[in-house]
Amino acid sequence: MVDILGGRHLVTCKGATVEAEAALQNKVVALYFAAARCAPSRDFTPLLCDFYTALVAEARRPAPFEVVFVSADGSSQEMLDFMRELHGAWLALPFHDPYRHELRKRYNVTAIPKLVIVKQNGEVITNKGRKQIRERGLACFQDWVEAADIFQNFSV
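Residues numbered from 1 in each chain as written. Predicted model: local features only at pLDDT ≥ 70, side-chain atom pairs only at ≥ 80, totals over all residues. Heavy atoms only, no water.

An unreviewed UniProt entry lists the protein chain under the name Nucleoredoxin like 2, from Pan troglodytes.

Considerations on helix α4 (residues 76-86)
Every buried residue of α4 is listed here: M79, F82, M83 and L86. The arc enclosing the buried residues of α4, seen along the axis, measures out at 105 degrees, which places them on a common side. Each element contacted by the buried residues of α4 is listed here: β1 (9-11), β3 (28-34), α3 (39-57), β4 (65-71) and β5 (91-92). (Buried < 20%, exposed > 50% of the residue type's maximum accessible area, 1.4 Å probe, protein only. Helix = DSSP H or I, 4+ residues; strand = E, 2+ residues; numbered from the N terminus. Arc of directions from axis to C-beta. Contact = heavy atoms within 4.5 Å.)

Quick word on the pattern of salt bridges
Pairs may arise between side chains of opposite charge once their charged atoms sit close together. Tallied over the full model, the rule gives eight salt bridges. A salt bridge links D97 to R8; the nearest nitrogen and oxygen atoms lie 3.0 Å apart. Taken together, the residues D97 in the loop between β5 and α5 (99-106) and R8 in the loop between α1 (2-5) and β1 connect sequence positions 89 residues apart. Here D97 falls in the buried class, since its relative accessible area comes to 12%. Here K131 ties to E135 by a salt bridge, and the two come within 3.6 Å at their closest N and O atoms. Highlighted residues: K131 and E135, both in helix α6 (residues 129-136), separated by four residues, approximately one helical turn. (Salt bridge = Lys/Arg side-chain N within 4 Å of Asp/Glu carboxyl O.)

Brief notes about the side chain of S71
By secondary structure assignment, the location of S71 is in strand β4. Residue contacts for S71: discarding those within four places in its chain leaves A34, M79, F95, R100 and R104.

Thoughts on the environment of P62
Its location among the elements puts P62 in the loop between α3 and β4. Sequence separation of P62 and Y52 is ten residues, and the distance between their C-alpha atoms is 9.8 Å. With residues near it in sequence (within four places) discarded, P62 still touches L55 and V56.

What to know about the environment of P113
Position of P113 relative to the elements: it lies in the loop between α5 and β6 (114-118). Distance in space between the C-alpha atoms of P113 and V11 is 20 Å, their sequence separation being 102 residues. Each residue touching P113, except ones within four places of it in the same chain, is listed here: Y32, F33, A34, C38, P40, S41, F44 and R130.

Now the structure itself:
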């Protein structure tokens, strides 16, 4: 992720700031394009939260996985409220960072929610992350790790 988010800061749902490079190094990254006002986003977000929690927050050995929320909300307050209400302990590109719009173009996001799984260099593993999680659950993560070329002794 150094290629596409290098030098940027990300925020947590509690408002803390972290360096993207440190937080995303050697991880499969899911770019989550969504908004609070979008019913499908509100429907999928708890499922993504459970997926993340099972892989990272409650796992004996946390998986090399991180979600970065790219908001399509109308205001920074709307984004923060959505994060606090439904999101997992994942990260977000700050609302006022204009790079949010560049990422939407780069990954051809024309509808939300969209979950794009990317390698460290920003190359797409799949732009159907939402569908794969719905259909295959945790099983899809192993495919993502293998495609990401991250050496990990990890199994779901």
